Amino acid sequence: DVTERRRLELERESLQEELLHSQRLEAVGQLAGGVAHDFNNLLHTIQGSLDGLGKQPGLREPHRALLGNIDEATRRASSLTTQLLGFARKGKYRSEKLDIVEVMESARALFDPVAGKDVEFKMIVAPTPMHIIGDTTQLQQVFLNLLLNARDAVQEAARPGGRIVFRAEPAADYTPGWEFRTGEARPPDAYACVRIKDNGVGIPEEVRANIFDPFFTTKGVGKGTGMGLAMAYGCVGNHNGWIHMESDFGRGTEFFIFFPLSV
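Per chain, residues are indexed from 1 in the order of the written sequence. The predicted origin of the model limits local features to residues at a pLDDT of at least 70 and limits the giving and counting of side-chain atom pairs to 80 or more, whereas totals for whole chains, interfaces and linings rest on all residues. The side-chain figures draw on all heavy atoms in the structure; neither hydrogens nor water molecules are used.

### Focus on the confidence of the model for the protein chain
No. 1: Summary statistics for the protein chain give a mean pLDDT of 81 and a share of 79% for residues scoring 70 or more.
No. 2: The predictor reports its confidence for every residue as pLDDT, a score running from 0 up to 100. The numbering of helices and of strands both runs from the N terminus, where a helix is a DSSP run of H or I of at least 4 residues and a strand a run of E of at least 2. Per-element mean pLDDT across the protein chain ranges from 70 in helix H1 (residues 2-54) up to 96 in strand E5 (residues 191-198).

Okay, here's the thing in structure tokens:
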């Protein structure tokens, strides 16, 4: 059967491409992690010196303003290195048993005020209990970043009926992205799948292979660091999961985030 053989060849090529991409990101992550760690140490030194200078008597207001500018830039740089460490899987990590729906609710609470009044937002969760082992703060950042990207995509489309769906359910063997599973062999229902779908502008095919690369962004100057998806990729990997993305340019994008369920 030529059709079946061709399908299997395409599937094998897709898996090989995904593996090579994962290995490339792993190598970049090791480099980024080392650089970010050393850079973070330097920032702590700068921050300590700023704190000391700020306590000096007799500082005039213009000087205090300059120190404030340096302090703000240092804090922003520190936030960026934290994202780099998240991508490199070397950031601060607290492991505890979590209800994935509760984490989603907390991310939703952060997203609601900035979602935009013209965007319809819907959250759907399966009634099945879904508990994972992980870090609440990291997962909140992952979900919030993807939700904000979805909002930007919907707003960029600039058409009525903008919609974002945030859902969670046990994975199945037909769930898109299941074929790229990593780690130990477990059945699909031993994983939770969190999905974030929008009907925004979509992602052009020529850039899809690069979306998880550090500092890669399609946003304009000053509108993004290019670290959001890289951080999400690293954090999900830190939780022994993986991310899959499907997009139809001009019609929308959906991210599938898989996490192993806690026994």
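### What about the nonpolar core?
No. 1: Judged by nonpolar contacts, the single largest core of 44 residues is most densely connected at Phe-143, Phe-166, Val-194 and Phe-259.
No. 2: Counting only elements with at least two residues in this core, the list comes to helix H3 (100-111), strand E2 (119-125), helix H4 (136-157), strand E4 (162-170), E5, helix H5 (228-238), strand E6 (242-248) and strand E7 (252-260). As used here, the term nonpolar core means buried Ala, Val, Leu, Ile, Met, Phe, Trp, Tyr and Cys residues forming a set that is joined through side-chain atoms within 4.5 Å. Buried means the residue's accessible area, taken with a 1.4 Å probe over protein chains only, is under 20% of the maximum for its type, while exposed means over 50%, and partly exposed covers the values in between.

### Examining the environment of Gly-54
No. 1: Following the sequence through the fold, Gly-54 ends up in helix H1.
No. 2: Judged by relative accessible area, Gly-54 falls into the partly exposed class, the value being 32%.
No. 3: Linking Gly-54 and Gly-68, residues 14 residues apart in sequence, is a C-alpha distance of 8.9 Å.
No. 4: Contacts were defined at the residue level, with two residues in contact if any of their heavy atoms lie within 4.5 Å. Leave out the neighbours within four places in its chain, and Gly-54 touches Leu-59, Arg-64 and Leu-67.

### What about the pattern of salt bridges?
No. 1: Criterion for a salt bridge: a side-chain nitrogen of Lys or Arg within 4 Å of a carboxyl oxygen of Asp or Glu. Inspection of the entire model under this criterion finds six salt bridges.
No. 2: In this structure, Asp-152 and Arg-151 form a salt bridge, with 2.9 Å as the shortest nitrogen-oxygen distance.
No. 3: Accessibility expressed as a relative area gives 23% for Asp-152, which makes it partly exposed.
No. 4: In this structure, Arg-167 engages Glu-169 in a salt bridge whose closest nitrogen and oxygen atoms are separated by 2.7 Å.
No. 5: When its relative accessible area of 27% is taken as the criterion, Arg-167 is described as partly exposed.
No. 6: Salt bridges linked by common partners bring Arg-167, Glu-169, Arg-195 and Glu-254 together as one network.

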